[in-house]
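Residue strings, one per chain:
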Amino acid sequence: MNSARLTGRSVTRAASAAALATALGLGAIHTATAAPSTAPAATAPSHAPAGDPDGGWHQDGLSLNSADNHTVDAFAARARKAERSISPQVRAAAWLTHAQLIGFDQRLKSPDSLKRKVATWMEETPGQTVEESLAMINDSVRFTLQWPAGKYTQGVNHASDLLSSWGNDSTRWANTWQREAGYKAVNSAWRAPRSGQLFEVQFHTPASKAAQLETHKLYEEQRLPGTSPQRARELQKQQNAIFAAVPVPAGADKLTAPGRKPAPASVPAG
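Quick caveat: nothing in here was measured; it's all calculated off a predicted structure.

Rules of the game
All residue numbers here refer to positions counted from 1 along the written sequence of the relevant chain. Only residues with pLDDT of at least 70 get local features here, since the model is predicted, and only at 80 or more are side-chain atom pairs given and counted; chain-wide, interface and lining totals rely on the full set of residues. Hydrogens and water molecules were not included; the side-chain quantities draw on all heavy atoms of the structure. Buried, partly exposed and exposed residues are distinguished by accessible area as a fraction of the type maximum, computed with a 1.4 Å probe on protein chains only: under 20%, between the cut-offs, and over 50%, respectively. Helix and strand assignments come from DSSP, with helices taken as H or I runs of at least 4 residues and strands as E runs of at least 2, each series counted from the N terminus. A pair of strands is treated as paired once DSSP finds two or more bridges between them. Grouping buried Ala, Val, Leu, Ile, Met, Phe, Trp, Tyr and Cys residues that are joined through side-chain atoms within 4.5 Å yields what is termed a nonpolar core. Every residue pair with non-hydrogen atoms within 4.5 Å of one another is taken to be in contact. Centres within 6.5 Å make a pair out of two Phe, Tyr or Trp rings, where for Trp the six-membered ring is used; the pair is then stacked when the planes are under 30 degrees apart, edge-to-face when over 60, and tilted otherwise. Criterion for a charge above a ring: Arg CZ or Lys NZ at most 6 Å from the ring centre, at most 35 degrees from the ring normal. What counts as a salt bridge is simple: a side-chain nitrogen of Lys or Arg found within 4 Å of a carboxyl oxygen of Asp or Glu. Each helix should span, by expectation, one fewer than its residue count multiplied by 1.5 Å. Bend is computed residue by residue as the angle between axes fitted to the seven residues ending at the residue and the seven residues starting at it.

Engineer: Break down the pairing of strand β7 (residues 198-204) for me, citing the residues and quoting the values.
Structural biologist: Across the 7 residues of β7, 7 count as buried, placing the element largely inside the fold. Taken together, the 5 bridges between strand β4 (residues 142-146) and β7 define a ladder with parallel strand orientation. Pairing of T144 across the sheet is with Q202, part of β7. In this sheet, β7 lies alongside strand β6 (residues 186-191) in antiparallel orientation, the contact comprising 6 bridges. From the neighbouring strand, V186 faces β7, where its bridge partner is F203. Between β6 and β7, which pair antiparallel in sequence order, lie 6 residues; one of them, G196, sits at a positive phi of approximately 75 degrees.

Below you can see the structure in the form of structure tokens.
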């Protein structure tokens, strides 16, 4: 395909449809870039320990009653189904923009992880329902695209334009490269056109992804309810020092979400 069609900040409807069809038709993704397109094996619903009669979920001092537990299981099942049509598009965007697709095998958040997040929010905000909590989750399906620093800004522009032109609606765009301290990357959320499923795409360089991995345990400890304010400040200071060493790619601090596109051309289902 003619790579010139992918230059510039916008991708035409015809070119984007052709790009997706070509990528999918070619098998698109190099084995070094991504895992096979099949979804991870479905995880069995996580219920209460044996002998607990309420049918709820209990872990690490958090809990959900039976109805809320089954609501989260149903949410996770819908995400697994929707992922089947989302992943081919993200993989095609990675291939067409020469990105690495990092952690593809972890593209589905586990039911237990969803339940911990929901239970934590409901505990922190009394009266908040399980449905309200689930509506706040945009990373039950999630991906990470990575480019070398010298190709990062162009790569993010092209990949986000492709996703938008294929009918995915940009619902969140958090560019933290301009921050003086803390996490550095672009975290985006999208709504898939067929299923309405929200999914997350993080855009990283090798250095920013390495910093994210290095600070993950610090971040997890920082957000625990029992972490003292003094300890939280210490943990944030450590994270700031790690992210401060991450080089900012040229133009990364000015990356913005793609504009709303015309209705997408008909594209093959994933």
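Engineer: Lay out the nonpolar core in plain terms, naming residues and giving numbers.
Structural biologist: With 40 residues, the main nonpolar core has F143, L145, Y152, F199 and F203 as its most contacted residues. Elements with a minimum of two residues in this core: α2 (66-96), β4, α5 (149-165), β6, β7, α6 (206-222) and α7 (229-244). Here the element with the most residues in this core is α2; it accounts for 8 residues. Once residues within four sequence positions are removed from consideration, F203 is found in contact with L145, W147, Y152, V156, A159, S160, W173, A185, V186 and S188. Among the nonpolar cores identified, the runner-up in size contains 14 residues, and L62, F75, A119 and W121 belong to it.

Engineer: Explain unusual backbone geometry residue by residue, including any values.
Structural biologist: Phi angles above zero are rare outside glycine, and H98 is one such case at about 60 degrees. Along the chain, the position of H98 falls in the loop between α2 and β3 (100-102).

Engineer: With reference to specific residues and values, describe the packing of aromatic side chains.
Structural biologist: One pass over the structure, following the stated rule, counts 7 aromatic pairs. Each ring, one from F143 and one from F199, has its centre 6.3 Å from the other, and the planes form 85 degrees; the classification is edge-to-face. In this pair, F143 sits in strand β4 while F199 sits in strand β7, placing the two residues 56 residues apart along the sequence. What links up through ring pairs into an aromatic cluster is the set W147, Y152, W173, W177 and F203. Above the ring of F104, the side-chain terminus of R107 is found at 4.0 Å from the ring centroid.

Engineer: Mind laying out the pairing of β4, listing which residues take part and the relevant values?
Structural biologist: The buried fraction of β4 amounts to 4 of the 5 residues, a majority that puts the element mostly inside the structure. Alignment of β3 against β4, held across 3 bridges, turns out to be antiparallel. Each bridged residue has a counterpart across the sheet, and for I102 the counterpart in β4 is T144.

Engineer: Give me the pattern of salt bridges: which residues, what numbers.
Structural biologist: Evaluation of the coordinates by the stated rule reveals 7 salt bridges. Ionic pairing is found between E234 and R231, a salt bridge with its closest N-O pair at 3.5 Å. Of this pair, E234 and R231 both sit in helix α7, 3 residues apart, which is roughly one turn of that helix. Through salt bridges with shared partners, a single network forms among K109, K117 and D139.

Engineer: Could you give an account of α6, with specific residues and numbers?
Structural biologist: Given a rise of 1.5 Å per residue, 17 residues ought to cover 24 Å, and the 24 Å separating the end C-alpha atoms of α6 matches this to within 8%. Considering bend angle alone, the principal kink of α6 is centred on T215 and spans about 45 degrees. Within α6, the full set of buried residues consists of S208, K209, A211, Q212, T215, L218 and Q222. Contacts made by the buried residues of α6 are with β3, β4, β7 and α7.

Any functional reading would require information that these geometric values do not contain.
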